[in-house]
Amino acid sequence: MLTVLLIVLPILGAIVAALSPNNARQVALLSTLAQLCITIYCVLTFSQNSSLMAFDATWIAPLGIHFKVAMDGISLLLVLLTNALLPFIVLSGSALDPIDNRANTRYSLILAMQAALVGVFTAMDGFLFYVFWELALLPIWLICLLWGGENRVRITLKFFIYTLAGSLFMLLGLTYLYLQTPIPHSFDIAALYNVALSSNAQSGIFWAMFIAFAIKIPIFPFHTWQPDTYTTAPTQGTMLLSGIMLKMGVYGLIRWLLPIAPQGVQTWANLVIVLSIIGIIYGAIIALQQRDLKRLAAYSSFSHVGLIAAGVLAMTTQGLQGGVFHMLAHGINVVALFYVIDLLERKTQTRNIDEISGIANNDREFAILFFIIVAGSVALPLTNAFVGEFLLLNSIFIFNPILAAIAGLTIIFGAVYMLRVYRSTMFGELNANTQHVAFVHSPEKWVLYPLVILILVMGIYPKYLMDLAQPAILQLMGAIGQ
Amino acid sequence: MNSFSTIDSLTTALVALPLLGFLINGLMGQRLSKSMVGAIGSGVVLGAFLLSCGLMSMYLSGAFESHTTNLFAWLPIGDYTAKFAFLVDPLSLLMLMVVTGVGSLIHIYSIGYIHEDEGFYKFFAYLNLFIFSMLLLVLGANFPMLFAGWEGVGLCSYLLIGFWYKNADYTAAAQKAFVMNRIGDLGFLLGIFLVFSTFGTLDFTDVMNAALQLGTDSPVAVGITLLLFVGAMGKSAQLPLFTWLPDAMAGPTPVSALIHAATMVTAGLYMIARCNVLYALAPTTLHFITLIAIATALLAATIAVFQNDIKKVLAYSTVSQLGYMFAAMGMGAFATGMFHVMTHAFFKALLFLGAGAVIHALHGEQNIGQMGGLKNRIPFTYKIFLVGTLAVAGLPPLSGFFSKDEILATVFAHNPILWVLLLLGSLLTAFYMLRLLWLVFYGEYRGNHHVVEHLHDNPNTMNYPLVVLAVLSVVGGFVGMPAFLHLGNAFHEFLEPVFASSNALLPHQHLHATTEMALMALTVALVGTLIYLALFTDRLSGIFLRSLHTEGKNTAWWKKLWSKKYYVDEIYDTLFVSPSRMVSRALHQVDTQLVDGTVNGLGHLTALFSQMSVATQIGKIGGYMLLMSLGVLGLLLVFVLG
């Protein structure tokens, strides 16, 4: 029941927000905080097979479609990620709101997005998963379309078509699986796991689902919608996309693709892992010379998620441990990073790193906070990203040591481009753009504190969160091994 | 397991102290007085040193042989979990003494050195964070812990090299150091993965016990040790990853002394000593290490001969001396290598702090071309520098003599040709150090006379640490007397338990006592002659003065090559840095034109088809909604037909 509550509450919030033109952000903040409290309650009381969190009702009886939601440890962590980030995403709109007369619509869409995301991460029925998957696309597309920057119509249209095209493949795959289940057919996840597939069918299912997930993540070469969309989207949209939405793709791999078509994954693992690793290096190399902060962060994010995909696709315990944990870590780090970029852009009126310099002179506190975010981004030990990247690289290493060496280049390139950003913006002398920039008295800075603390706490004691997911991961490894 | 013993509490407190100092100074330093900041910053490290002494005396009294302190489960990896755990054994005790001992002295010295800087509290916060990371490194009971310390010290090194962050050159040097270390770290990380794949655990004790089952020179052992050594190349500035260290001299001088001479750069040696069993099982790797080490020792020594920046000379000297330490490791003489790690920490810290005193007295001047004749103007600093120089040069009975002699004797026993090379290196070392000493303190003053009028030695907080280091540089070698004296070698005996298994594995060639004495006599005679010529006669002064000028047309090619550092930086720029920038820009074009172009092409193609089907629709978006409904319809059709 609690899971259903987590889907319904944001919808209610969305309706109330839409009806409150003057204080939509307050409504949204309240709604997301309530949501976060319930989620934390779930985490604290979580135990495997907790019936409190599961819900199953027949939805479309003739087709055997159920409204079945539940949370195991993996779902729980992604729901936690979603609901923990949403208050920050809501808060980050404080500067945009006063000049936006459609703020209520925006917050309504953000909350609708939250509902759909929780749905995606908890659906245990293939059709329901598909429905939430598509529902998640609409609000974010509208957010990017209505509040985006330059060329938003062209760019968001491409984003929309691209991801929609991908999910049609997934629908095809799910339908095929459905038809293979014993009569009466069912979309229930357990039924789909149990379908015995020929090796050709495994390959077919693999590609149908992989393309949908690969576009969302994105994996090279399905990524070209991403840098443009991240750059043009309003910051809240970019945060939703990079912090949470791309995790839908990785989650899809873990929950749906790996257990359903393990042989298909094995057959194509070489190819898709190499593609992911190409993405890691390719994104990182392009990021080296980008000057637009947002675009740089977009390519960097593309590079990081390639690592998650490669580690997960190698199908090792470490890969799943790392994949699940790093989805959280990356979500937090990338939202923090985009938040910093947004602050910088608002205060200096530019996103070009060559035009921002010396901020450490004005505001040491901000410089330190930003540094911890950079440290997280380059996966320094005792930050959260180290845990994930260590496990993911280890997973790739088990798959193939040479590939791990190539994928590992990311720790070098990552250091180069992130330190370049830091050096250029924080070090050196002040310039005309930064002369009067100081965040000391800006309440917005306080948003960074919890994020930075999370980066450190998750790096020092990752085990608490990892233990939550561990039984589910072992179960999944069991399902894959069959 | 459950009870927290005295050793546990001592070890935990020892690590917690610098962290506490970092937090206090980092979070509240701005509001504290300078003397308070300095007292806290130095106090916590001094406290850590006293606790180290406590642990050491417990060990010596036989309270424990090797002890693991488990704090909490840190990093789950598959079915294994790396604990946040500390391992105290003779090797970590030795490093503890050096890190906290030399560390305390340098902290105290810094109070005077950095006093006028607005970033005073920041400096002490960073230094404390460094000590904390270094303690994680030397106390970590498993590979991930060591790696955490390893990256942590790299981070602090980055922060401290770029301490004066307004200067673009300094921050560039900081970034270079970090990135170059990261190259090594990738190797290190892969080495850890290979260890894990092979042994299923990352705890040092378990790995080393399990490793004994591997055969000698098994591919796995060679692979692991080579990969880990790549990490050491970065951290300990060996060929080809050494160019960051001279640039790192951009940091304040106490940083150069502590991080870039005495402690952090020896992390690679510590790591090899920690994994000595694995290295003993991989003779191929040991040969490789020897090769790299000797090449680095000679290359850096030749470069040092024509450097005109007082700190750069010392930096190249450090690179070269690290080469000597690795040469010992390459011979499987782990204790010998660690001996030089210790003595070098004393005399190189002394030299750097002495150089700092010179620079401080001359208001920031680092060019030795602008110095000269300072002997009588800053007599205390001169004496300090003299002791350091003679110790590096290897004059008996100073500490450097014993440790270097041991390395040379070991190398001779294995391969006389390599011994000749290292002997040459020793002579070069004596030469460039004497050149430095002479150009700074002897002859005529060559700089701005305005500066020299107010010249005086530094305040006492800066001098006391120097005295302690000078004493250590003189007597520090007595713990490791040459074998032929039959006085017993306390240093080797102390470390014996750590290296017992690998000593059993490796063949040991012992030199005949007369051979060793003859070699020693030869080295001492040659170095002694150089010292005599440089300091007691005037014969070398012309050479020293001429060596300041390496520009003009008539300069010999080898002089140019040495003074230009073999153009290594330029070569790396051409080979790696510029191409990566070009590739980055080119790939961006490929991405926006080719990859995205293909996608757009496909899009246009579909748009062509869809235009036919959406002719009746009002807008494009509606068209895609239609597409979606069509999809759902199609789905229903499939159901009906299926």
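Residues numbered from 1 in each chain as written. Chains lettered and ligands numbered in written order. Predicted model: local features only at pLDDT ≥ 70, side-chain atom pairs only at ≥ 80, totals over all residues. Heavy atoms only, no water.

S.K.: Quick question: what am I supposed to make of the overall build of chain B here?
M.R.: The helix and strand tally for chain B stands at 26 helices and two strands. Dimensions of chain B along its principal axes, counting C-alpha atoms only, are 105 × 60 × 55 Å. Evaluated residue by residue, chain B yields a buried proportion of 60% over its 642 residues. At a minimum sequence separation of 6, the contacts of chain B that also span at least 24 residues come to 80%. For chain B, the exposed area adds up to about 24,000 Å²; of that, 67% sits on carbon and sulfur atoms. Across chain B, the 28 positively charged side chains and the 31 negatively charged ones have centroids separated by 11 Å. (Helix = DSSP H or I, 4+ residues; strand = E, 2+ residues; numbered from the N terminus. Buried < 20%, exposed > 50% of the residue type's maximum accessible area, 1.4 Å probe, protein only. Contact = heavy atoms within 4.5 Å. Areas by Shrake-Rupley, 256 points an atom, 1.4 Å probe, with all protein chains shown as cover. Lys, Arg positive; Asp, Glu negative; His and termini not counted. Charge placed at Lys NZ, Arg CZ, Asp CG, Glu CD.)

S.K.: Help me understand the interface of chain A and chain B, please; the structure alone is not making it clear to me.
M.R.: By a widespread convention, an interface's size corresponds to the accessible area lost as its parts come together. In this assembly, 70 residues from chain A lie in contact with 59 residues from chain B. Together chain A and chain B conceal approximately 5,900 Å² of surface at their shared face, both sides included; 74% is due to carbon and sulfur atoms. Our enumeration of links across chain A and chain B arrives at 17 residue pairs in polar contact (both at pLDDT 80 or more). Residue composition of the side of chain A that touches chain B, by class: 47 nonpolar, 14 polar and nine charged. (Buried area = accessible area lost by both parts, 1.4 Å probe. Polar contact = N/O pair within 3.5 Å; in protein donor to acceptor, adjacent residues only side chain to side chain. Nonpolar A, V, L, I, M, F, W, Y, C, P; charged D, E, K, R; others polar.)

S.K.: Any chance you could explain the packing of aromatic side chains here in plain terms?
M.R.: The description of an aromatic ring pair uses the distance of the two centres, along with the angle that the planes make with each other. Taken as a whole and judged by the stated rule, the model has 62 aromatic pairs over all chains. A centroid spacing of 5.8 Å and a plane angle of 65° characterise the contact between Tyr59 of chain B and Phe64 of chain B, whose relative ring orientation is edge-to-face. Summarising the burial analysis for this pair, Tyr59 of chain B and Phe64 of chain B share the class buried. By the ring-pair criterion, three or more aromatic residues cluster together here, those being Phe386, Phe390, Phe397 and Tyr461 of chain A together with Phe72, Trp74, Phe84, Phe86, Phe147, Trp150, Phe188 and Phe193 of chain B. The ring of Phe204 of chain B is capped by Arg274 of chain B, whose NZ or CZ atom sits 5.9 Å from the centre of that ring. One cation-aromatic arrangement involves Lys404 of chain B over Tyr324 of chain B; the distance from NZ or CZ to the ring centre is 5.5 Å. (Phe/Tyr/Trp six-rings, centres within 6.5 Å; stacked < 30°, edge-to-face > 60°. Lys NZ or Arg CZ within 6 Å of the ring centre and 35° of its normal.)

S.K.: I would appreciate a short explanation of the side chain of Gln226 of chain A in the present structure.
M.R.: Residue and element names in this part refer to chain A. Following the sequence through the fold, Gln226 ends up in helix H9 (residues 225-232). Within the structure, Gln226 has its side chain in polar contact with the backbone oxygen of Ala298 (distance 3.3 Å). Apart from the residues within four sequence positions on either side, Gln226 is in contact with Pro218, Ala298, Ser301 and Phe302.

S.K.: I'm lost on the pattern of salt bridges in this one. Help?
M.R.: When charged atoms on two side chains of opposite charge get close, those side chains can pair. A complete count under the given rule lists 13 salt bridges over all chains for this structure. Arg291 of chain A is the partner of Asp354 of chain A in a salt bridge, and the nearest nitrogen-oxygen pair spans 2.4 Å. Here Arg291 of chain A lies in the loop between helix H11 (262-288) and helix H12 (293-313) and Asp354 of chain A lies in the loop between helix H13 (317-348) and helix H14 (359-362), a separation of 63 residues in the sequence. According to the relative accessible area criterion, Arg291 of chain A is partly exposed, its value standing at 38%. Ionic pairing is found between Asp247 of chain B and Lys176 of chain B, a salt bridge with its closest N-O pair at 2.9 Å. (Salt bridge = Lys/Arg side-chain N within 4 Å of Asp/Glu carboxyl O.)

S.K.: Teacher, can you tell me more about the packing of helix H15 (residues 334-361) of chain B against helix H16 (residues 379-393) of chain B here?
M.R.: How two helices sit against one another is set out by the angle between their axes and by the gap between those axes. Residues and elements named next belong to chain B. Remark: H15 packs on H16, axes separated minimally by 9 Å, with the N-to-C direction vectors making an angle of 145°. Crossing geometry of H15 relative to H16 is assigned as left-handed. Contacts from Phe347, Leu350, Leu351, Gly354, Ala355, Ala357 and Val358 of H15 reach H16 at Thr381, Ile384, Phe385, Val387, Gly388, Thr389, Ala391 and Val392. Among the residues forming the contact of H15 with H16, the class breakdown is eleven nonpolar, four polar and no charged. (Axes fitted to C-alpha atoms, helices over the stretch in contact; angles between N-to-C directions. Left-handed = near helix turned anticlockwise from the far one by under 90°.)

S.K.: Whenever I open this one, a nonpolar patch on the surface confuses me. Can you help?
M.R.: Residues and elements named next belong to chain A. Residues Ile40, Leu44, Leu456, Ile460, Tyr461 and Tyr464 make up a contiguous nonpolar surface patch of roughly 550 Å² in combined accessible area. The set of elements that each furnish at least two residues to the nonpolar patch consists of helix H2 (24-45) and helix H18 (448-460). One can find Leu44 in helix H2. (Patch = residues over 30% accessible without salt bridge, like charges linked within 9 Å, V, L, I, M, F, W, Y side chains within 5 Å.)

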